[in-house]
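Observations on chain architecture
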Amino acid sequence: MNKLTAPLRRSFRTRLRSVAYSTTSRNLARHLVQDPSAGRLRTAIEKKGHGAALQRLASQQLPAGTYFAKLTIHRWEKHRDRSFRLLQGDEVVYGNKIESPARGFDLEYRNIIVSSDDPEDFRLDIDASYSLLIGRGAFTTAQQVRYDKQYGVEQHGNLFYSLRGNTRNPRRVLVTFPGFGPSTSRISYAVSYLKGITDADLSDTLMICFQDRYMVAGTYMLVDNAGDPLLGRIHEAIADILDRHDVPEEELMLFGASKGGSIATYCASGFPRARLLAVVPQMNLPYYLDKPFFRDSIYRLSELRSSPQPEDLMRRYFAEGRRIDYFYTDNDEQSNYSLIEFAQDVPGLTKYRIDGKHADVAKKALPTILTVMKRFLRGVSEEDLDADLHCDQLTSFQEDHGTGFQVRLGNDTTLPTDPRTNVLLGGTLGRTRFRQLISDHAYAFIKYTTPAERLHPALHHPSSVNSLVVTSSNGTLRIGALPSAEPPVDPAEEFSASPLGAPLDLSPTQAPRSYSIVVSANASVNTFEYEVIAGDDDGDTAVLFLAPSSADRLGTEDALDSGIARVTLTAAPVNGSGGAALLAHRLAIASGVEKVAVVVASPDITDAEVTAQRRLYGPEVVCEDRRPTETVLPAAPVEKA
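Another aspect to go through is the sheet that holds strand β24 (residues 524–534). Spatially, six strands are ordered β23-β24-β26-β25-β27-β28 in an open sheet, and the strand pairing comes out mixed. At either end of the open sheet lies a strand with only one pairing partner, and these are β23 (513–519) and β28 (620–625). Mean inter-strand twist for the sheet, computed between neighbouring axes without regard to direction, equals 25°. Taken together, the seven bridges between β24 and strand β26 (residues 565–573) define a ladder with antiparallel strand orientation. Pairing of V532 across the sheet is with L569, part of β26. Contacts from helix α15 (residues 580–591) reach β23, β24, β25 (541–546), β26 and β27 (595–600), with the element oriented near 150° to β25. Packing against the sheet, helix α16 (residues 607–614) makes contact with β25, β27 and β28, and its axis sits at approximately 150° to β28.

What follows is the structure in structure tokens.
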């Protein structure tokens, strides 16, 4: 009897869901969610506690045979910090690293896209108690519903965004894109609302705050839940708003931090005359996402590889001379992909170098970010200063970390005591503006560079420094010339085309190429001369032969025991051993393989670098040490008198 009951119950639930999630029901739910005239009825439904159910009905309709799943892991404390995978048969459909959920709540992962509605088809690869709910509507939480209401997020087709500021007759449009939230948050889909931007700031501006509300924690807005491309729809939505309000494209700013910065970079492809404000964007998504938290989730999206990488788009924007404000830190090579550090003589670009880790940049540089944004909202350029600065003295000093500076302000110059103020060194790298955040001294009239804020000569020559810049959260900008700064150099003389920052090119070659990497630990620039040998297009392995010279291919043939080579890179370090492990990782990503064989034959590669090859968390690494060993000769006999 029980064997018959379960299939009957399942059949009944399937029929009931078919009625509930029919096209008619979904259209009605979407009308209630999207139509302003239905606001009163929608509020009544939400007050009765059915807001989440309404959101599920209004969510995107998936293709036939695909469903939303919610995974709950019980007694997660026993498995803290362990990685897990949810498998459907032998296929990995989701994975993550177990962290603490919000206090008082279960550990949930919502909106995993699966192709079966039978929980029996799934299993975890760790011995943990779990439950799995599968349905045709997207899962949400009460916290997410309240969040969306608080920030005015509304559904527009399959796009989600809120509108702020002047919605009637704006002269400008500011578009923001969100970053990642904690993977265990009850609010999986945030917006970049920018509370530092007030209603007064937006008196002439319409602000559009997009929500990356797709799959478990967003898709960089590359695809929706059904896997269909989103970028064209985003472009159309923004273009429609510009046209409706007769706002010229030059009065459009696109902003994002971290993931949001990458999305803004993608979105900028449709608006070449817009201004792009990017804070620590990821320039190569497979490279950045090839880590435990992402490797078995968003990393598996094929669109991450088939879409142009932000790096390629940004290089194009640099060549086009677009208006770009780019905030970064040297201690974030996974985001930078050794691109922005080398950018110089790019018209329209202002780059801001901030000390700290990835998550520190937006916090430390917030006054400057708000200054850039608020001056755009007011239609004010950097040439229109609020006040001048006077500096009495500039002292420079050379250390292992690079060139440091100490600035003494003039006696008639005072700075605000408001902690929401940034002081930066200003300079020019050819046609590129450069800003370096510096620190407060014990004496208020002195500002200086900490060791991590020193200027590396290969990236920003000390002669490029010529001014002091002060920004504040209210949007004021003050600039003063430095007394001993050299005049700006002629771009044609100092900033000619350089191999530094060139992309890794895997097309076969007989002539050596250069590839440079910024090593985060000390912001050192390490360059490799390399040659490429084509392999089998169906090969499963990339081979990196770290040779004494770029032309030395000795031993590459028998390095293929680990698999069939898709490509072989013979590389020789030019100025130090650091970065060899990063080069191996980038080779694996660029060649699209999961396995890399590393042969270390260069005596310039250190033991630490050999060990680092084996610790790459992304590709599987097979490493062989073929460095020459020193022969210790016996001491010559000493003749006795």
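There is more to say after this.
Here we take up the nonpolar core. Ranked by internal contacts, the top residues of the largest apolar core, which has 132 residues, are F177, F210, I238, L254, F327 and L468. Here this core gets eight residues from one element, more than from any other, and that element is α15. Among the nonpolar cores identified, the runner-up in size contains 21 residues, and L107, F122, A128 and I134 belong to it.

It is worth spelling out the packing of aromatic side chains at this point. Scanning all chains against the criterion turns up 15 aromatic pairs. Between the aromatic rings of Y147 and Y151, the centroid separation amounts to 4.7 Å while the plane-to-plane angle is 55°, which identifies the pairing as tilted. Both residues of the pair, Y147 and Y151, belong to the buried class. One aromatic cluster in this structure is built from F180, Y220, Y288 and F294. Over the face of the ring belonging to F160 we find R213, whose NZ or CZ atom lies 5.3 Å from the ring centre. It is K259 that lies over the ring of F180; its NZ or CZ is 4.5 Å from the centre.

Taking 1.5 Å per residue, 14 residues should reach 20 Å; helix α6 (residues 231–244) reaches 20 Å between its end C-alpha atoms and fits that length. Three or more residues of α6 are buried, namely I234, H235, A237, I238, I241 and L242. Buried residues of α6, viewed axially, fall in a sector of 165°; they line one side. Exposed and oriented more than 90 degrees from the buried face of α6 are D243 and R244.

It is worth spelling out the pattern of salt bridges at this point. Under the criterion given, the structure shown has 28 salt bridges. With a closest N to O distance of 3.1 Å, R315 and E311 form a salt bridge. Linking R315 with E311, this pair stays in helix α10 (residues 310–320), spanning four residues, or about one helical turn. Through salt bridges that share partners, K70, E108, R110 and R186 make up one connected network.

A few words on the pairing of strand β18 (residues 421–429). The side chains of a regular strand alternate between the sheet's two faces. Counting buried residues along β18, eight of its nine residues qualify, which places the element largely inside the surrounding structure. Relative to strand β21 (residues 465–472), β18 is paired through seven bridges, and the arrangement is antiparallel. Among the inter-strand pairings, T421 is bridged to a residue of β21, identified as S472. Of the pairings in the sheet, the one linking β18 to strand β19 (residues 432–440) comprises seven bridges and is antiparallel in character. The partner of V423 across the bridge, within β19, is I438. In this antiparallel pair of consecutive strands, β18 and β19, the connection spans two residues, and G430 shows a positive phi of 65°.

Right, let's talk about the sheet that holds strand β4 (residues 107–114) for a bit. The strand order across the open sheet formed by three strands is β4-β1-β6, and the pairing between neighbours is antiparallel. Only two strands of the sheet have a single neighbouring strand rather than two, namely β4 and β6 (130–135). For this sheet, the mean angle separating the axes of adjacent strands, direction not counted, is 20°. Across six bridges, strand β1 (residues 67–73) lies against β6 in antiparallel orientation.

Mapped onto the secondary structure, L222 falls in the loop between β10 (205–210) and α6. Looking at L222, the relative accessible area reads 10%, which means it is buried. In the structure, L222 is positioned 41 residues away from I263 in sequence and 8.2 Å away in space, judged by C-alpha atoms. Not counting chain neighbours up to four residues away, the residues in contact with L222 comprise D228, P229, L230, L231, Y266, L285, E303, L304 and S307.

Once that is clear, we can look at unusual backbone geometry. Positive phi is not limited to glycine here, since Y337 has a value of about 55°. Along the polypeptide, Y337 turns up in the loop between α11 (333–336) and β14 (349–353). For Y337, a relative accessible area of 6% gives the class buried. The backbone of S338 shows a phi angle near 50°, a positive value even though the residue is not glycine. As for its placement among the helices and strands, S338 is situated in the loop between α11 and β14.

Across the chain, the average pLDDT comes to 87, with 88% of residues at 70 or higher. When the criterion is pLDDT under 50, residues 485–497 qualifies, and its contacts beyond four places in sequence or with other chains add up to 21 contacts.

Here we take up the packing of α15 against α16. Remark: α15 packs on α16, axes separated minimally by 8 Å, with the N-to-C direction vectors making an angle of 30°. Between α15 and α16, the angle falls in the class roughly parallel. Remark: the crossing between α15 and α16 carries right-handed chirality. Touching A580, A581 and A584 of α15 are E609, A612 and Q613, all from α16. The class makeup of the residues in the contact of α15 with α16 is four nonpolar, one polar and one charged.

If you walk through the whole model with that rule in mind, you get three cavities of 30 Å³ or more. Lining the largest cavity are 17 residues, with S59, A138, F160, R213 and N225 positioned closest to its centre.

The next subject is the environment of E250. Residue position: E250 is located in the loop between α6 and β11 (252–257). A C-alpha to C-alpha distance of 5.2 Å links E250 and R273, two positions 23 residues apart in sequence. Not counting residues within four places of it along the chain, the set of residues in contact with E250 comprises R273, R323 and F376. A polar contact is formed between the side chain of E250 and the side chain of R273, at a distance of 2.9 Å.

Right, let's get into a negative patch on the surface. Side chains of E236, D240, D243 and D246 sit close together on the surface and give a patch of like negative charge. Relative to the helices and strands, D246 resides in the loop between α6 and β11.

By the secondary structure assignment, E341 is in the loop between α11 and β14. The buried charged residue E341 lacks any salt bridge partner; its closest oppositely charged side chain belongs to R586, at an N-O distance of 6.7 Å. Reaching out from E341, the side chain makes a polar contact with the backbone nitrogen of L339 at a distance of 3.1 Å. Setting aside residues up to four positions removed in sequence, E341 forms contacts with Y328, D330, N336, K351, L459 and V518.

Scoring rules and cut-offs
- Residues numbered from 1 in each chain as written.
- Predicted model: local features only at pLDDT ≥ 70, side-chain atom pairs only at ≥ 80, totals over all residues.
- Heavy atoms only, no water.
- Pairing = 2+ DSSP bridges.
- Helix = DSSP H or I, 4+ residues; strand = E, 2+ residues; numbered from the N terminus.
- Axes fitted to C-alpha atoms, helices over the stretch in contact; angles between N-to-C directions.
- Contact = heavy atoms within 4.5 Å.
- Core = buried A, V, L, I, M, F, W, Y, C linked by side-chain atoms within 4.5 Å.
- Buried < 20%, exposed > 50% of the residue type's maximum accessible area, 1.4 Å probe, protein only.
- Phe/Tyr/Trp six-rings, centres within 6.5 Å; stacked < 30°, edge-to-face > 60°.
- Lys NZ or Arg CZ within 6 Å of the ring centre and 35° of its normal.
- Expected span 1.5 Å × (residues − 1).
- Arc of directions from axis to C-beta.
- Salt bridge = Lys/Arg side-chain N within 4 Å of Asp/Glu carboxyl O.
- pLDDT = per-residue confidence, 0-100.
- Parallel < 35°, antiparallel > 145°, perpendicular 65-115°, else oblique.
- Left-handed = near helix turned anticlockwise from the far one by under 90°.
- Nonpolar A, V, L, I, M, F, W, Y, C, P; charged D, E, K, R; others polar.
- 1 Å grid on protein atoms, 1.4 Å probe; cavity = no way out; pocket = protein on both sides within 12 Å on 5 of 7 lines; lining within 4 Å.
- Points joined across faces, edges and corners; volume = space filled by probe spheres on them.
- Polar contact = N/O pair within 3.5 Å; in protein donor to acceptor, adjacent residues only side chain to side chain.
- Patch = residues over 30% accessible without salt bridge, like charges linked within 9 Å, V, L, I, M, F, W, Y side chains within 5 Å.
- Areas by Shrake-Rupley, 256 points an atom, 1.4 Å probe, with all protein chains shown as cover.
- Lys, Arg positive; Asp, Glu negative; His and termini not counted.
- Charge placed at Lys NZ, Arg CZ, Asp CG, Glu CD.

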